[in-house]
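Residues per chain are reported as follows:
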Amino acid sequence: LDNMRALGLDCVRVGEFAWSRLEPTEGHYDFAWIERFIEMAREKGLDIIACTPSAAPPRWLCQRYPEILPVDQHGHPLLPGGRKHYCHSSRKYRELVAALVERLAAALSGYDNLLLWQIDNELSSSNSYSADADSRFRQWFQEKYESLDRLNRAWGTYFWGNDFSDWEQVALPRPPLGGKAAIPKAILLDMKRFRSDEIIGFVQSQTEILRRICPGVPITTNWSPIFDYGFDFHKLAGLLDFPAWDHYCPDARAAAFCHDFVFSCNPRNTGFWVMEQQCAPPDSGSCNSWPPVGWLTAAGRQNILHGARGIVFFHWREFPYGAEVEHGAIVRLNGDTDTMVYREIKEAIPQWREAAANLADHTRQPEVGILFDMENWWSLQPGGSFKVKRRTQAVDYRALLRAWHQSLRKDGLDVVFHTPASDWSPLRVLVIPSLPMISEELQDRLTKFVESGGLLVVGPQTGIWDASANPTGQHALAGLSGLKFLELDCFDPDLEIAVAGESFQAAGMWLGESASPLKNTQTIAVFGASTGILEGKAAIAARSTGRGKVITLNTHPTKEMLEPIRQHWIEPALERPTHASDAAPLRFRWANKDGAFEIEL
Ligand code: GAL
């Protein structure tokens, strides 16, 4: 603790996997050790981030209540030995977690250095097929659809004669034997919604206890770097005081993506935390090299400029045993602080504090937004181990978000993600990379956004499905785009789709939608040679409505295509571009086996 203080740290996170130590046998709690630690930390002037240890059910619990274990699609339980071996839908597990959290919260509530609660650790769906998961799934559907007829219609079960005639027939979808028969994506989409709601319910049962017993102590949870973990980030963030994520992204552009994404999950515009900042080589890859020299200093500064209000490192001291003995740390196993990481952090902390103090305003109000929606992500990529028939399997929603984000972020331009329901008032530009399911309400919002002067950039396959990912037979935004949509064609992901404009040549990827412009719609570029049925049709179109404009892209842009879009339409639409920092950019170079890199933060 003295070494932590000397380094300049002011809080410690503790207990995220400590259930077996907090409740060594059922109903016998031992909080003395953690309270002693909290008291010692208090004496040294260190605050505590206390964690609910629900990510690590102890052995006694799994032995006594095997029904809490997640079960795979073949009925095999995931046995203890690692972590996260629990099913979010297990009633018994929720009960046991609640009993522990209740007592732990009561024991720690009196400490004035209790700064923050972290719930669980890096939540993700266990994709469990336990008996509880099946029965809760059935209940969820009964509440959602009320009648079997409505359920059968939404899922299209009449096709191939799979319609349900009794609620008891409804169960979580399993890949059909041999995985050969295809499943409608409507079913998988609802399964994902259900599993997400289960995770959110699991977290909520903990936040309710903590808020009741420790009022005023903020609550968060730490997310892994942003991928699809089977829950709706924005919905889950609604339960938290602010979101947090674990930064294991040596590539600054990947980190920027996660920062801006997590930032967008806080509707209060009060930023986020980096709950695990990598500071040395991790141990999860096949070859875990040191991050580039000077990276940690730069990463910390980048965190702050993107809106991080707290940075916690993973981890303090090398582990003497367990699954992560080879993971790098700040301090050596023998306690020696004479390490590169310790020195770098010591030098960096005053710089980071200065960077934070120099931020004129801690809220960010970028004029450029990217529209994101988790359910649309699932609708585009519902498969997993299921066979889903699609015109193309190439569409990668996360890759699209990353490409758009990276292109827009160029030169430090500030950009964040928005959802269909977020506050768009600071925005002058809204980009929809792709959003097949658009509600009428969203359609109205988008129309108003354009009419009142916004620039809307719309990617392909937008507004074509209903809320069950079934086709509606039309494009909801066709009127706004001023296009009559015709055919869809797909291309091998390795092929570029030629796009030719008056002032530029570029390429799209994955798919193209042919369309003919309506009156008053300007064709900016057409599909070029070797694009088959698309050739000569509008690839990019522009239409003015009210005081604003819509740019429609009928193919997904490659990096090269994003550049002219940014230059020709997005930059000119900004009145007072906000940049993440007015400070001189930090250039940062390194080389590895893939070549030499340079990044400007
Ligand atoms: C994180 C996790 C930590 C630790 C770390 C190792 O994803 O939350 O508990 O395992 O990875 O890099």
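Check the entry above for the structure.
Here goes a summary of the coordinates provided.

Each value, and the rule that gives it
- Residues numbered from 1 in each chain as written.
- Predicted model: local features only at pLDDT ≥ 70, side-chain atom pairs only at ≥ 80, totals over all residues.
- Heavy atoms only, no water.
- Pairing = 2+ DSSP bridges.
- Helix = DSSP H or I, 4+ residues; strand = E, 2+ residues; numbered from the N terminus.
- Phe/Tyr/Trp six-rings, centres within 6.5 Å; stacked < 30°, edge-to-face > 60°.
- Buried < 20%, exposed > 50% of the residue type's maximum accessible area, 1.4 Å probe, protein only.
- Lys NZ or Arg CZ within 6 Å of the ring centre and 35° of its normal.
- Core = buried A, V, L, I, M, F, W, Y, C linked by side-chain atoms within 4.5 Å.
- Contact = heavy atoms within 4.5 Å.
- Right-handed = clockwise from strand over helix to strand, strands pointing away.
- Axes fitted to C-alpha atoms, helices over the stretch in contact; angles between N-to-C directions.
- Parallel < 35°, antiparallel > 145°, perpendicular 65-115°, else oblique.
- Nonpolar A, V, L, I, M, F, W, Y, C, P; charged D, E, K, R; others polar.
- Near = heavy atom within 4 Å.
- Polar contact = N/O pair within 3.5 Å; in protein donor to acceptor, adjacent residues only side chain to side chain.
- Areas by Shrake-Rupley, 256 points an atom, 1.4 Å probe, with all protein chains shown as cover.

1. Observations regarding the sheet that holds strand β5 (residues 222-223)
Hydrogen bonding along the main chain pairs the strands of a sheet, whether they run parallel or antiparallel. Here 4 strands make up an open sheet; going across it, the order is β5-β6-β7-β8 and the pairing parallel. Of all strands in the sheet, those bounded by a partner on one side alone are β5 and β8 (308-314). In terms of strand pairing, strand β7 (residues 272-278) meets β8 through 5 bridges, oriented parallel. Paired with Trp273 across the two strands is Gly310, which belongs to β8.

2. Observations regarding the packing of aromatic side chains
What describes a pair of aromatic rings is the distance from one ring centre to the other and the angle between the planes of the rings. Within the structure shown, the criterion is met by 30 aromatic pairs. Between the aromatic rings of Phe242 and Trp273, the centroid separation amounts to 5.8 Å while the plane-to-plane angle is 20°, which identifies the pairing as stacked. Here Phe242 is found in the loop between α9 (233-237) and β6 (244-247), whereas its partner Trp273 is found in strand β7, with 31 residues between them in sequence. Of the residues examined, Trp273 reaches a relative accessible area of 12% and is grouped as buried. Aromatic pair Phe261 and Phe417: ring centres 5.7 Å apart, planes at 55°, arrangement tilted. Taken together, the positions of Phe261 in helix α10 (residues 252-264) and Phe417 in strand β10 (residues 415-418) put the pair 156 residues apart, joining distant regions of the chain. The rings of Trp223, Phe231, Phe233, Phe257, Phe261, Phe372, Trp377, Tyr397 and Phe417 are connected pair by pair, giving a single aromatic cluster. Lying across the ring of Phe227, Arg398 places its NZ or CZ 3.6 Å from the centre. One residue, Arg445, lies across the ring of Trp424, its end atom 3.9 Å from the ring centre.

3. A few points about the nonpolar core
In terms of nonpolar packing, the biggest core is built from 152 residues, with Trp117, Trp223, Trp404, Leu446 and Ile540 touching the most fellow members. It is helix α5 (residues 91-108) that contributes the most residues to this core, 8 residues altogether. Sequence-distant contacts of Ile540, that is, excluding residues within four places in its chain, are made with Val499, Phe504, Gln522, Thr523, Ile524, Ala525, Ile551, Thr552, Leu553, Met561 and Trp569. Core analysis: the second largest hydrophobic core is formed by 23 residues, Trp140, Tyr145, Leu148 and Phe386 among them.

4. Some points on the pairing of β7
Extensive coverage of β7 is indicated by the burial of 7 of its 7 residues. Of the strand pairs in this sheet, β6 and β7 are connected by 4 bridges, and their pairing is parallel. The partner of Asp246 across the bridge, within β7, is Glu276. Assessed by its sense of winding, the connection that carries the chain from β6 through α10 to β7 is right-handed. Assessed by its sense of winding, the connection that carries the chain from β7 through helix α11 (residues 295-306) to β8 is right-handed.

5. Looking at the packing of α5 against helix α6 (residues 131-145)
Packed helices, taken two at a time, are described by their axes: the angle between them and the distance between them. Running from amino to carboxyl end, α5 crosses α6 at an angle of 100°, the nearest separation of the two axes being 9 Å. Regarding the angle of α5 to α6, the classification is roughly perpendicular. Where α5 abuts α6, its residues Arg91, Lys92 and Arg94 lie against Asp132, Ser135, Arg136 and Gln139. When its residues are assigned to classes, the contact of α5 with α6 shows no nonpolar, 2 polar and 5 charged.

6. Quick notes on the side chain of Thr419
Counting through the fold element by element, Thr419 comes out in the loop between β10 and β11 (429-432). Accessibility expressed as a relative area gives 14% for Thr419, which makes it buried.

7. Quick notes on the site of the ligand
Neighbouring the ligand are Phe17, Arg83, Asn121, Glu122, Asp246, Tyr248, Glu276, Phe314, Glu324 and His327. Asn121 is positioned such that a nitrogen or oxygen atom in its side chain is 2.9 Å from an oxygen atom of the ligand. Take Glu122: an N or O atom from its side chain is 2.5 Å from an oxygen atom of the ligand. For the ligand, whose accessible area on its own is 310 Å², the fraction buried by protein is 90%. The class makeup of the residues in the shell around the ligand is 3 nonpolar, 2 polar and 5 charged.

8. Things to note about the pairing of β10
Regular strands show a simple pattern: their side chains alternate between the two faces of the sheet. Here β10 shows no split at all, with Val415 and Phe417 on one side and Val416 and His418 on the other all buried. The pairing of strand β9 (residues 368-371) with β10 spans 4 bridges and is parallel. In the strand pairing of β10, Val368 is matched with Val415.

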